[in-house]
Amino acid sequence: MADLRSLGIERGWIYETLVSTYRAGGPHATPIGVWSPDFSTVEMEIYNDSKTLDGIMAAKEFTIGFPRGVEEIHAALLHPDSLKFTPARSVDAPEPAGLCAVLEVRVVATTPGPRRTLVAAAVVDLRTDGPFRPLNRAAPLLLEALVLHTRAAVVDRETLRRQLLEYARVITKVAPGSRYEAAVRELIEPLPPPRDSASRD
Ligand SMILES: Cc1cc2nc3c(=O)[nH]c(=O)nc-3n(C[C@H](O)[C@H](O)[C@H](O)COP(=O)(O)O)c2cc1C
């Protein structure tokens, strides 16, 4: 059985990947955030009106590619014709060439919601071309938070706090329990609460 720990991923953290399906006979890849609850299955929430969800529901199989960097995410969204694909080994789906790692997966459950459907899939094949760092938004967001922190003297306190809280919200979503989460909270704690809540005391 595939063990996703070999990719260096953390349980419940969200990684930015390329999900690929066949669409009208041709390959189609789109960026999707993917997490694993148990290192053998993956989960994701996909917009109900997307071509990708259509493709997944039709084939019940797809691939999840881990990009080398944000360039492949950009290419998939804005320059899809620049992606090259090969057929996956074990499932009826395409995979983009040149990625760090590819999971071939089969759907085990779908849970529709009002806007997005939760898709759970079992990993049936996994390959990687060596060690890499799966793409997660927490580190770049902490970097942005640190830059903002250095501007504290010239930024309005409420704007600063609001922006840092937004970074913290996303970091908590994509990397719960991480040192990135602790670090961004450390920046927020010394800041005074917004005037509204202070005036209620
Ligand atoms: C970094 C990144 C992560 C994304 N994550 C998701 C996601 O988890 N679920 C989703 O439905 N769309 C996500 N999107 C948006 C889809 O890629 C976008 O809606 C896409 O255009 C729709 O796909 P389609 O071509 O299959 O219709 C993400 C986009 C980016 C840039």
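This text follows the structure it describes.
Here is what the cut-offs are and how they apply
Residues numbered from 1 in each chain as written. Predicted model: local features only at pLDDT ≥ 70, side-chain atom pairs only at ≥ 80, totals over all residues. Heavy atoms only, no water. Axes fitted to C-alpha atoms, helices over the stretch in contact; angles between N-to-C directions. Helix = DSSP H or I, 4+ residues; strand = E, 2+ residues; numbered from the N terminus. Parallel < 35°, antiparallel > 145°, perpendicular 65-115°, else oblique. Left-handed = near helix turned anticlockwise from the far one by under 90°. Contact = heavy atoms within 4.5 Å. Nonpolar A, V, L, I, M, F, W, Y, C, P; charged D, E, K, R; others polar. Phe/Tyr/Trp six-rings, centres within 6.5 Å; stacked < 30°, edge-to-face > 60°. Buried < 20%, exposed > 50% of the residue type's maximum accessible area, 1.4 Å probe, protein only. Core = buried A, V, L, I, M, F, W, Y, C linked by side-chain atoms within 4.5 Å. Salt bridge = Lys/Arg side-chain N within 4 Å of Asp/Glu carboxyl O. Near = heavy atom within 4 Å. Polar contact = N/O pair within 3.5 Å; in protein donor to acceptor, adjacent residues only side chain to side chain. Areas by Shrake-Rupley, 256 points an atom, 1.4 Å probe, with all protein chains shown as cover. 1 Å grid on protein atoms, 1.4 Å probe; cavity = no way out; pocket = protein on both sides within 12 Å on 5 of 7 lines; lining within 4 Å. Sits in = over half its atoms within 2 Å of the grid points.

S.K.: Would you take a moment to explain the packing of helix α3 (residues 138-150) against helix α4 (residues 157-174) for this structure?
M.R.: Helices that pack against each other are described as a pair by the angle of their axes relative to one another and the distance between those axes. Relative to each other, α3 and α4 sit at 165°, their axes nearing to 9 Å. As far as their axial angle goes, α4 and α3 are roughly antiparallel. Crossing angle aside, the handedness with which α3 passes α4 is left-handed. Counting all contacts with α3, which are made through Ala138, Leu141, Leu142, Glu144, Ala145 and Leu148, the residues of α4 involved are Leu160, Gln163, Leu164, Tyr167, Val170, Ile171 and Val174. Each residue belonging to the contact of α3 with α4 can be placed in one class, and the counts come to eleven nonpolar, one polar and one charged.

S.K.: Would you explain the packing of aromatic side chains in this entry?
M.R.: Two measures describe an aromatic ring pair: the distance that separates the ring centres and the angle between the ring planes. Enumeration according to the criterion identifies two aromatic pairs in this entry. Ring centres 6.3 Å apart and planes at 65° place the aromatic pair Trp13 and Tyr180 in the edge-to-face group. Taken together, the residues span a long stretch of sequence, with Trp13 in the segment before β1 (15-23) and Tyr180 in helix α5 (residues 179-188) at a distance of 167 residues. The pair formed by Trp13 and Tyr180 is uniform in burial state, with each residue classed as buried.

S.K.: I tried to follow the nonpolar core on my own but got confused; where do I start?
M.R.: Soluble, globular proteins show a tendency: their nonpolar side chains are buried together. Of all hydrophobic cores here, the largest spans 47 residues; its most connected members are Val42, Met44, Phe62, Ile64, Leu103 and Leu164. Looking at this core, the element that brings in the most residues is α4, giving seven residues. Not counting chain neighbours up to four residues away, the residues in contact with Ile64 comprise Thr17, Leu18, Val19, Val34, Val42, Met44, Ala101, Val102, Leu103 and Val105. Listed in part, the seven residues of the second largest apolar core include Leu18, Ile73, Ala75 and Leu99.

S.K.: I would appreciate a short explanation of the pattern of salt bridges in the present structure.
M.R.: Side-chain pairs of opposite charge can arise whenever the charged atoms involved come near each other. Scanning the entire structure with this criterion turns up nine salt bridges. Note that Glu61 is salt-bridged to Arg106, the shortest N-O span being 2.8 Å. Taken as a pair, Glu61 in strand β4 (residues 61-66) and Arg106 in strand β7 (residues 101-112) lie far apart in primary sequence, 45 residues in all. Looking at Glu61, the relative accessible area reads 14%, which means it is buried. Accessibility expressed as a relative area gives 35% for Arg106, which makes it partly exposed. Within the structure, one salt-bridge network assembled from shared partners comprises Glu95, Glu104 and Arg127.

S.K.: Help me out: how do you make sense of the environment of Gly98 in this one?
M.R.: Tracing the backbone shows Gly98 in the loop between β6 (94-96) and β7. Expressed as a C-alpha distance, the spacing of Gly98 and Phe85, which sit 13 residues apart in the sequence, is 9.1 Å.

S.K.: Teacher, can you tell me more about the site of the ligand here?
M.R.: Around the ligand sit 14 residues, and of these His28, Pro31, Glu45, Tyr47 and Thr52 come closest. Pro31 places a main-chain nitrogen or oxygen 2.8 Å from an oxygen atom of the ligand. In the model, an oxygen atom of the ligand is placed 3.0 Å from a nitrogen or oxygen of the Gly33 main chain. Across the complex, the protein chains shield 69% of the 640 Å² of accessible surface that the ligand would expose by itself. Cavity membership is defined here by more than half of the atoms lying within 2 Å of grid points; on that basis the ligand lies in the largest pocket. A total of five residues in the shell around the ligand trace back to one element, the largest contributor, which is strand β2 (residues 26-34). When its residues are assigned to classes, the shell around the ligand shows six nonpolar, five polar and three charged.

S.K.: Can you help me understand unusual backbone geometry in this one?
M.R.: What you tend to see is this: most non-glycine residues have negative phi, and most peptide bonds are trans. The phi torsion at Ala24 lies on the positive side, around 50°, for a residue other than glycine. Examined against the element boundaries, Ala24 turns out to sit in the loop between β1 and β2. Residue Phe39 is not a glycine yet carries a positive backbone phi of 70°. When you line up the elements, Phe39 lands in the loop between β2 and β3 (41-47).

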